[in-house]
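An overview of the molecular structure
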Amino acid sequence: MKGLLPFCRALFTLSNRHARRKAGTVGSRCGFCGTVSNSKPQPGFGLLFDIDGVLVRGKMPIPAAKKAFEKLVNSQGQFVVPVVFVTNAGNCLRQTKADQLSHILGVSITQDQVIMSHSPLRMFKKYHDKCVLVSGQGPVLDIATTLGFEKVISIDMLRESFPLLDMVDHNRRPKLPSVPVGNLPMVEAVILFGEPIRWETNLQLIVDVLLTNGNLGSSHQTKTLPHLPLLACNMDLMWMAEAQSPRFGHGTFLVCLENIYKKITGKELKYEALMGKPSELTYHFAEYLIRGLAMERQWKLPITSLYAIGDNLMTDIYGANLYNRYLEERVTRKNPKAIAKMVAATGSTTTVPQEEESDNVWESELAAPSATSCKSILVCTGVYNPNMEVPSNANQCIKETVFHGHRDFRFDPELVEPSHIVQDVADAVDLIFEREKFVPQ
């Protein structure tokens, strides 16, 4: 592992020398991006774009974005490489986000190119027939139904049925004595799509559901374990909009929920699943969509390389590097020579990556990935600020300043170190085409 102080400098300063060194760490993959006869060049790689802080800030496009997409789209309006947009936003449908991007970027984008933080929920089929409580904003009921859930309750529906539970805002308290309507089915699972509008209402009712096992007509049972299944999307602590500094994200809401639950019960809040970046599951789904786009265009070369472009070390870079580690370990597991070499070097089989049960679950849903690497590219137009002062205390840099990741993701310095650092998304596309020796026609 590299020293901590150089690592901190890599995080907080944009160094041309560092960027050049990083650029040299990925060898050319020209063998995967040649041409078929005299036809147009076919890509052996795919691109995963974050949106906020990379392509847009709020509703305004970042100038470099249109420049980048002029290189990615041909004269017929078709993408010359498979491209997906991976966002931790979860407050709208995929088609809505695709329409927004099409308008902002001036290119035609379909919903099959968009991954919202909640998109992988379509694979959690064992909950699709359960009664689920959903939290967030936007058309949450429509989103849940589109994902396959059949019995959905919103926070507002819960509040209307149990008006005495939401008491923080004095102006929203019942004016007259009321009794619970109680005409809703018992909640069997809780799904958190994104940050809600009224945090106090959502925090109160979610905790009520968890501590009553879905039966809001009963009192809290703080000793009951385990609580109902809880699935959360989007772990971003902060995100970049038009303001000069990052704004609170759903990750901040999760911090509140986790700490309130622990303060009341003395126990840790448990998640059945965490989705959105940096979860590996989101990158599995992105790779699956990339393969589908390549097949749709009838490109013959396998997509073996992925490039993830983002502005947030704790989500975009961490997630891409985590998925790259998974891909590398998967290759090692499938390669007898690599295993033998590792055993010979260490004298033990315990260092050999083992097959995880979760791999089989997602691969059975999505098919095994064709990609063997996922390289991370950090841009300086969003959350990441290359001009911040480097802390004098490297240990403080690591433990206090840097890690804004979710509680359940352990900190690993290697996972938040990007493969490349560039100024903006246009530079990122140039770098990728150079590394891949890809010249679109």
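The coordinates are above.
As the structure is a computational prediction, the values presented were derived from the model and not from experiment.

1. Overview of the sheet that holds strand S5 (residues 114-115)
- A sheet is described by the order of its strands in space; here six strands give the open sequence S5-S4-S1-S13-S14-S15, paired in parallel fashion. Across the chains shown, the open sheet's two edge strands, defined by having one partner strand only, are S5 and strand S15 (420-422).
- One ladder, built from three bridges, connects strand S1 (residues 45-49) with strand S4 (residues 83-86); its direction is parallel. By the bridge assignment for S4, Phe49 is matched with Phe85.
- Running over the sheet, helix H9 (residues 280-296) touches S1, S4, S5 and strand S13 (305-310) and is turned about 155° from S4.

2. Here's the deal with empty space enclosed by the protein
- This structure, assessed with the given rule, holds two cavities of 30 Å³ or more.
- The volume enclosed by the largest cavity comes to roughly 60 Å³.
- Leu48, Phe49, Asp50, Val86, Lys277, Tyr283, Ala308, Ile309, Gly310 and Asp316 are the residues that line the largest cavity.
- Within the residue set of the lining of the largest cavity, elements represented by two or more residues are S1 and S13.

3. Points about the pairing of strand S9 (residues 230-233)
- Residues Leu230 and Ala232 line one face of S9 and the alternating positions Leu231 and Cys233 line the opposite face, and both faces are buried.
- Two elements, strand S8 (residues 189-192) and S9, share three bridges in a ladder whose sense is parallel. Bridge pairing in S9 links Leu192 to Ala232.
- Pairing analysis gives three bridges linking S9 to strand S12 (residues 273-275), with the strands arranged parallel. Note that in S12 the partner of Leu231 across the bridge is Ala273.

4. Details of the sheet that holds S9
- Judged by pairing direction, the sheet is parallel, and its five strands sit side by side in the order S7-S6-S8-S9-S12 without closing on themselves. Bordering the open sheet on either side are strand S7 (151-154) and S12, each of which pairs with just one other strand. Strand-to-strand twist in this sheet, taken as the mean axis angle between neighbours without regard to direction, amounts to 20°.
- The pairing of strand S6 (residues 131-135) with S7 spans four bridges and is parallel.

5. Focus: the side chain of Thr265
- Tracing the sequence through the fold places Thr265 in helix H8 (residues 250-265).
- What makes Thr265 buried here is its relative accessible area of 11%.
- Separated by 2.8 Å, the side chain of Thr265 and the backbone oxygen of Tyr261 make a polar contact.
- Of the polar contacts made by the side chain of Thr265, one reaches the backbone nitrogen of Lys267; its length is 3.0 Å.

6. A short note on the pattern of salt bridges
- Enumeration according to the criterion identifies 14 salt bridges in this entry.
- Put simply, Lys126 and Glu272 hold a salt bridge, and the shortest N to O gap is 3.4 Å. Of this pair, Lys126 sits in the loop between S5 and S6 while Glu272 sits in the loop between H8 and S12, placing them 146 residues apart in sequence.
- On the basis of relative accessibility, which here comes to 40%, the residue Glu272 falls in the partly exposed class.
- Between Arg407 and Glu268 there is a salt bridge, with the nearest N and O atoms lying 3.2 Å from each other.

Cut-offs and rules
- Residues numbered from 1 in each chain as written.
- Predicted model: local features only at pLDDT ≥ 70, side-chain atom pairs only at ≥ 80, totals over all residues.
- Heavy atoms only, no water.
- Pairing = 2+ DSSP bridges.
- Helix = DSSP H or I, 4+ residues; strand = E, 2+ residues; numbered from the N terminus.
- Contact = heavy atoms within 4.5 Å.
- Axes fitted to C-alpha atoms, helices over the stretch in contact; angles between N-to-C directions.
- 1 Å grid on protein atoms, 1.4 Å probe; cavity = no way out; pocket = protein on both sides within 12 Å on 5 of 7 lines; lining within 4 Å.
- Points joined across faces, edges and corners; volume = space filled by probe spheres on them.
- Buried < 20%, exposed > 50% of the residue type's maximum accessible area, 1.4 Å probe, protein only.
- Polar contact = N/O pair within 3.5 Å; in protein donor to acceptor, adjacent residues only side chain to side chain.
- Salt bridge = Lys/Arg side-chain N within 4 Å of Asp/Glu carboxyl O.

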